[in-house]
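Structural characterization, general
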Amino acid sequence: MTDIDVLLSESRRFPPPADFTADAQVRDRTLHAAAAADDVAYWADQASTLLWQRPWDTALEWTPPHARWFTGGQLNVSENCLDRHLAAGRGNKAAIVWEGEPGDRRTLTYWELAREVRTFANVLLGLGVRKGDRVGIYLPLIPEAAIAMLACARIGAIHSVVFGGFSPESLRDRMNDAAASVVITADGGYRRGQVVPLKRNTDKALAECPSVRHVVVVQRRSTGPIGDAHVEMVEGRDHWYHELMRKASDVCAPAAMDAEDVLFILYTSGTTGKPKGIVHTTGGYLVGAASSTRMVFDLREDDVFWCTADVGWITGHTYLVYGPLANGATCVMYEGAPDWPERDRFWDLCARHGVTILYTAPTAIRAFMKWGDEHPRRHDLSRLRLLGSVGEPINPEAWMWYHEVIGGGRCPIVDTWWQTETGSIVLSPLPGVTTTKPGSATEPLPGYRAALLDAAAGEIPVGGGLLALTRPWPSMLRTIWGDDARYVQTYFSKWPDRPDLYFPGDGAKRDEDGYFWVLGRVDDVLNVAGHRIGTMEVESALVEHPAVAEAAVVGKAHEVKGQAICAFVTLRDGHTPTSALRDDLRSFVATKIGALARPDDLLFSADLPKTRSGKIMRRLLRDIAEGRALGDTTTLADPSVVAALKDQYADQEG
Ligand code: 7RM
């Protein structure tokens, strides 16, 4: 990893538009400089923009690898996200503008959201939930998901949100790991016109969850009976949300929480082993979420902010719920799929709700490119002023398409690198300040310090290496739930002499301007004839070809070269897979990068195996390319994709 070859050269530059900078939250590098001089003082300044019930004594206690932020301070996250805005006259401002997949709509003002949260907090108290207890949330993307999260925060319960697309087994394992006492679910949710039977899944999971005493069930049937999601209610255990809400008081004071009290656990799968319960705390997390949302998305009072992530992921926690609400923003929330009922659903939503800031993922952007420009072109996207990307490296071609077709060439793009573990964005341009380069997450935000290191923790100023975060930050994970040794081992043991260095597991390169280009997980890097090649670089070259929608590249053991390159390619609509096209694509990569990057194998595929949050699972593609039995496929969005690919690959080889 110390010598990733820098193969692709990207020379396009996009300085922030002058009129954008003129009105931006951050207009120059003063904050970067202040934070570089004294990061702890900078974070204390950021923290003081929140409402504290008791001021902190010490901003940072750092005993590597354990950090405590704002100790002695007390605050409540729901009070910061709700009550504060009522006091500031935002009571009638829309907090959540929600649309269900079938087309049903609800808008909750700050006043209404606050009332629902207080009432549901009382419901939880009535079910015996106390400070520090764990509450599972297994819901579709409906307002009740945010209500439930904030209600937990109000009384100091720890929420563990499980993505509604996960199986009963995943729910079971997560509830058991955290010993949750209550689960909040729904009769069902909608996805591509189908009903997801969440309550039935919950019943299956709970057959093996002894700690769970109560289940609260939201009735998701605003457009008529929810398909075949008929639910059985277990007497004494299960309760309808609307019935409990009807009986509960809407008066509930926000609990005084210590800054270091746990706010939530969110499970994330590693490459091996059982999912890790990432632990985030109250004060530091909110400081990171609130400040990054304000700066990176340049939030203004009249913005309509749409983060397309589900609350089941960290992006949904930080940029759909806590960050925007802490800033008093209006958020759009959409339950369903981007191609339902048509492939223009996102653009229809943007136009109708007047979305000004859109935050989505490269996997979605590549799908939109594949579907063709006519879908966004049919809608008025002129209200958009800022675009964001998160989740994977964004290929320069996808970046350009996003910029031109969605952003009309006028909207800055913030490519934001971060993780479940970091809690909030770490590397990102500031849209009024940073000149962007397609494919680069640019530089650390003020208050963060990142470096590119070699195996001996030596800094690499220009070239390829391991990404490291060299200072603690408020929203960093504090531990792995129930397994602190794994926390130390996974994140702080890469450089044994430096227990203060956080290793995120990603490789990156750094250019002459000091910009970071995250290449992806280090286990995704190829070694072809002694050359370290980022899978991302070959993929980006392939995606530049007009016929290609998406590409995933993996290495396969090769006697001579060490590794041979295997590419899996999906085509844009209107292109057919032929052997001529295959040859053309292989030479195309050779011209773009160099002969050594020419894929040895190239397979056309209707789809690529992805996790449910849309990240390509290269590990499984490696299994296919090397003819191994498939590893664990339980985290895949659609396991049939990989089975079909395996057959196809075997046919081609044979
Ligand atoms: C927010 C989120 C984290 C991993 C991370 C990277 C990859 C995320 C970018 C990115 C390149 C980006 N949390 N990643 N954002 N790679 N550029 N802008 O995705 O915990 O689910 O994943 O995702 O590998 O380590 S996550």
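Shown above is the structure to which this text applies.
Residues numbered from 1 in each chain as written. Predicted model: local features only at pLDDT ≥ 70, side-chain atom pairs only at ≥ 80, totals over all residues. Heavy atoms only, no water.

1. Considering the sheet that holds strand E18 (residues 357-360)
Spatially, E5-E4-E17-E16-E18-E19-E20 is the arrangement adopted by the seven strands of the open sheet, whose pairing is mixed. Both outer strands of the open sheet, strand E5 (105-109) and strand E20 (413-415), are each paired with one neighbouring strand and no more. Averaged over neighbouring strand pairs, the angle between their axes works out to 15° when direction is ignored. In the sheet, E18 pairs with strand E19 (residues 386-389) via four bridges, with the strands oriented parallel. Bridge pairing in E19 places Thr-360 opposite Ser-389. Here helix H5 (residues 110-126) sits on the sheet and contacts strand E4 (94-99) and E5; the angle it forms with E5, its principal contact strand, is near 90°. Running over the sheet, helix H6 (residues 143-155) touches E4, E5 and strand E17 (330-334) and is turned about 30° from E5. (Pairing = 2+ DSSP bridges. Helix = DSSP H or I, 4+ residues; strand = E, 2+ residues; numbered from the N terminus. Axes fitted to C-alpha atoms, helices over the stretch in contact; angles between N-to-C directions. Contact = heavy atoms within 4.5 Å.)

2. Here's the deal with the site of the ligand
The environment of the ligand is formed by 16 residues, the closest being Asp-415, Thr-416, Thr-420, Asp-506 and Lys-615. Between the ligand and the protein, one listed contact pairs a nitrogen atom with a side-chain N or O atom of Asp-415 at 2.7 Å. One of the side-chain N or O atoms of Gln-419 is found 2.9 Å from an oxygen atom in the ligand. Within the complex, 90% of the 530 Å² of free accessible area of the ligand lies under protein. Every element with two or more residues in the shell around the ligand is listed here: helix H11 (314-326) and strand E25 (516-521). A class-by-class count of the residues in the shell around the ligand yields six nonpolar, five polar and five charged. (Near = heavy atom within 4 Å. Polar contact = N/O pair within 3.5 Å; in protein donor to acceptor, adjacent residues only side chain to side chain. Areas by Shrake-Rupley, 256 points an atom, 1.4 Å probe, with all protein chains shown as cover. Nonpolar A, V, L, I, M, F, W, Y, C, P; charged D, E, K, R; others polar.)

3. A look at the pairing of E18
Looking along a regular strand, one sees the side chains alternate between the two faces of the sheet. Residue alternation in E18 divides its side chains into two sets, Ile-357 and Tyr-359 and Leu-358 and Thr-360, and both sets are buried. Pairing geometry for strand E16 (residues 304-307) and E18, over three bridges, is parallel. Across the sheet, the residue bridging to Cys-307 is Tyr-359, located in E18. (Buried < 20%, exposed > 50% of the residue type's maximum accessible area, 1.4 Å probe, protein only.)

4. Details of the side chain of Lys-509
Looking at where Lys-509 falls in the secondary structure, it is placed in strand E24 (residues 506-510). At 3.2 Å, the side chain of Lys-509 forms a polar contact with the side chain of Glu-537.

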